[in-house]
Amino acid sequence: MTTMTDTSNAARFREFKMPDVGEGLTEAEILKWYVQPGDTVTDGQVVCEVETAKAAVELPIPFDGVVHELRFPEGTTVDVGQVIIAVDVAPGSGDAAPAAAPAPVAQPEPEPEAPKGRQPVLVGYGVAESSTKRRARKGTVASVPAAAAAIQGEMNGHGAVVPESRPLAKPPVRKLAKDLGIDLATVVPTGEGGIITREDVHAAAKPVPAQAPAPIAAAPVAAEAAPEAPAPAVVTTVGARETRIPVKGVRKAIAQAMVGSAFTAPHVTEFVTVDVTRTMKLVAELKEDKDMAGVRVNPLLIIAKALLVAIKRNPEVNAAWDEANQEIVQKHYVNLGIAAATPRGLIVPNIKDAHEQTLPQLAASLGELVSTAREGKTSPAAMAGGTVTITNVGVFGVDTGTPILNPGESAILAVGAIKLQPWVHKGKVKPRQVTTLALSFDHRLVDGELGSKVLADVAAILEQPKRLITWA
């Protein structure tokens, strides 16, 4: 009897596991569920958005059916390979329910027969009373706070049962609440239809909590004693003087990559200040060119093209250090990385085979890369395989910097702010558009002479943009 029921469950319910959406990534955080238990899904439909160490990615379900169970709540970090959702691929064919992955081993009860009602039965464990409830009742043991579940998920890498009801709020508002450590369940909505607005979150953040959050070890006990007490799962505020934010996702990846790069590759940074007045004039002319219609033309476009020409003239700089095989790997292609600041942190997507693109094509690629990054839709594949990078710190009004290499790359060019400064031009001091460039490179494979040539070539092109033609 048990064997038949188990076989029926396996045939009826299909489980979708957290996939490896990047290159060897081991975990991802569930940012948002787009479906709830009882919703119908189709093959290829996006069911959730997750954040890996590289980017935010939407996950499609690979089969049709009705959502039976969400195994983890939003905000939980889940290991690759763990089941995150169970789908009933044959709804209406029976009352059996699949066993939840994180269910603890309990003292088994006698095998009950499936009841005739709609309540599902977990074979060997009795009636799973909460598995079909769409909303948990207040005051019952089943209504574990979402915050406590998320804290538990942070402790062991997998969370508890997904919250049965969730406040109405748009993703940007949810992120704001997450950053401020506000439990949306405690926020009074003022938006139309009971939707929580940004103003509601800010209003909820003004008063300082009188009590500090309970220690993690005591979270389950506190949850049972006071089920309605919120406990921030992501941001912990200690009084009004400190805020502790767990390091995870993109920020964790950035930290690990920067530490690894800084203490593995011996960095050398060189600087040059250059008159870019002619480059700025070229930018103005290209904006009026019909061949550049529909694409964004800015100084970064010319700087990117200048770096590509400099690499073509000095191909040895486009390489990587293979520590395992003790080899220098020279790349005969350029995947040009562009450092982009996003709400989730710094990411470096790259333009594949940028060396083969014309100026209009490069402009289109830059525009698409920036817009995708701002929307938080950059895929892990778009950030893999970079060879050199440009970081434009000038947009923040900064003159220059000493950039850290993106792991696996040999050079990174920092571009400072372009400012009107007094400059000696044709023997006279005149106001000119001036900027400072900084090139950091891996001294294991790039000697000072080679690095200096690359930086000097970029500067020479920006000073005389016609070299884009003569040198290319």
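Residues numbered from 1 in each chain as written. Predicted model: local features only at pLDDT ≥ 70, side-chain atom pairs only at ≥ 80, totals over all residues. Heavy atoms only, no water.

(A) How the structure looks around the sheet that holds strand 8 (residues 83-88). In spatial order, the strands read 1-8-6-3; together these 4 strands make up an open sheet with antiparallel pairing. Edge positions in the sheet fall to strand 1 (13-17) and strand 3 (40-41), since each has one partner strand and no second. Across 4 bridges, the pairing between strand 6 (residues 65-70) and strand 8 is antiparallel. Bridge pairing in strand 8 places Val 67 opposite Val 87. (Pairing = 2+ DSSP bridges. Helix = DSSP H or I, 4+ residues; strand = E, 2+ residues; numbered from the N terminus.)

(B) Structural detail: the pattern of salt bridges. Counted according to the given criterion, the structure contains 11 salt bridges. In this structure, Arg 71 and Glu 15 form a salt bridge, with 3.1 Å as the shortest nitrogen-oxygen distance. On the criterion of sequence distance, the pair formed by Arg 71 in the loop between strand 6 and strand 7 (77-79) and Glu 15 in strand 1 is long-range, its members being 56 residues apart. The closest approach of N and O atoms between Asp 442 and Arg 444, which form a salt bridge, is 2.8 Å. Residue classification places Arg 444 among the partly exposed residues on the basis of a relative accessible area of 26%. Within the structure, one salt-bridge network assembled from shared partners comprises Glu 15, Glu 69 and Arg 71. (Salt bridge = Lys/Arg side-chain N within 4 Å of Asp/Glu carboxyl O. Buried < 20%, exposed > 50% of the residue type's maximum accessible area, 1.4 Å probe, protein only.)

(C) Structural detail: the confidence of the model for the protein chain. For the protein chain, the average pLDDT comes to 77, and 72% of its residues sit at 70 or higher. Contacts for the low-pLDDT stretch residues 101-164, under 50 throughout, to residues beyond four places or in other chains number 96 contacts. For the stretch residues 207-233, pLDDT sits under 50, and the model shows 23 contacts to residues farther than four places along the chain or on other chains. (pLDDT = per-residue confidence, 0-100. Contact = heavy atoms within 4.5 Å.)

(D) Geometry of the nonpolar core. Counting residues in hydrophobic clusters, the biggest one holds 46 residues, and the most contacted among them are Leu 307, Leu 336, Ile 390, Leu 413 and Leu 437. Mapped by element, the contributors of at least two residues to this core are helix 7 (277-287), helix 8 (299-313), strand 16 (336-338), helix 9 (359-374), strand 20 (388-392), strand 21 (411-415), strand 23 (428-442) and helix 10 (448-463). Looking at this core, the element that brings in the most residues is helix 8, giving 11 residues. When neighbours within four sequence positions are excluded, Leu 437 is seen to be in contact with Glu 270, Phe 271, Val 272, Val 274, Leu 413, Ala 414, Val 415, Leu 455, Val 458, Ala 459 and Leu 462. Phe 16, Val 35, Val 41 and Val 50 belong to the second largest nonpolar core, which has 21 residues in total. (Core = buried A, V, L, I, M, F, W, Y, C linked by side-chain atoms within 4.5 Å.)

(E) The pairing of strand 22 (residues 419-425), seen in detail. Looking at chain direction, strand 22 and strand 23 are connected through 7 bridges and run antiparallel. Note on strand 23: the bridge partner recorded for Trp 423 is Lys 430. Connecting strand 22 to the next strand, strand 23, in antiparallel fashion are 2 residues, including Lys 426 with a positive phi near 55 degrees.

(F) Structural view of helix 8. In this model, helix 8 (15 residues) spans 21 Å end to end at C-alpha, consistent with the 21 Å of a helix rising 1.5 Å per residue. Across the 15 residues that make up helix 8, a large majority, 12, are buried. When helix 8 is considered as a whole, its buried residues turn out to be Leu 300, Leu 301, Ile 302, Ile 303, Ala 304, Lys 305, Ala 306, Leu 307, Leu 308, Val 309, Ala 310 and Ile 311. (Expected span 1.5 Å × (residues − 1).)

(G) The arrangement of the side chain of Thr 277 in detail. Considering the arrangement of structural elements, one finds Thr 277 in helix 7. On the basis of relative accessibility, which here comes to 10%, the residue Thr 277 falls in the buried class. Within polar-contact distance, the side chain of Thr 277 engages the side chain of Arg 432 at 3.3 Å. Setting aside its immediate chain neighbours within four residues, Thr 277 contacts Arg 432 and Gln 433. (Polar contact = N/O pair within 3.5 Å; in protein donor to acceptor, adjacent residues only side chain to side chain.)

(H) How the structure looks around the environment of Ala 56. For Ala 56, the position within the fold is in strand 5 (residues 56-60). The exposure class of Ala 56 is buried, given its relative accessible area of 7%. Apart from the residues within four sequence positions on either side, Ala 56 is in contact with Leu 31, Glu 49, Val 50, Glu 51, Arg 344, Gly 376, Lys 377 and Thr 378.

(I) Summary view of the packing of aromatic side chains. Applying the stated rule across the entire model yields 0 aromatic pairs. When the ring centre of Trp 471 is taken as reference, the NZ or CZ atom of Arg 313 above it lies at 3.8 Å. (Phe/Tyr/Trp six-rings, centres within 6.5 Å; stacked < 30°, edge-to-face > 60°. Lys NZ or Arg CZ within 6 Å of the ring centre and 35° of its normal.)

(J) Just a nonpolar patch on the surface, in detail. Nonpolar side chains collect at one region of the surface, where Val 395, Phe 396 and Val 398 lie side by side and expose about 310 Å² of accessible area between them. Its place among the elements puts Val 395 in the loop between strand 20 and strand 21. Looking at Val 395, the relative accessible area reads 59%, which means it is exposed. (Patch = residues over 30% accessible without salt bridge, like charges linked within 9 Å, V, L, I, M, F, W, Y side chains within 5 Å. Areas by Shrake-Rupley, 256 points an atom, 1.4 Å probe, with all protein chains shown as cover.)

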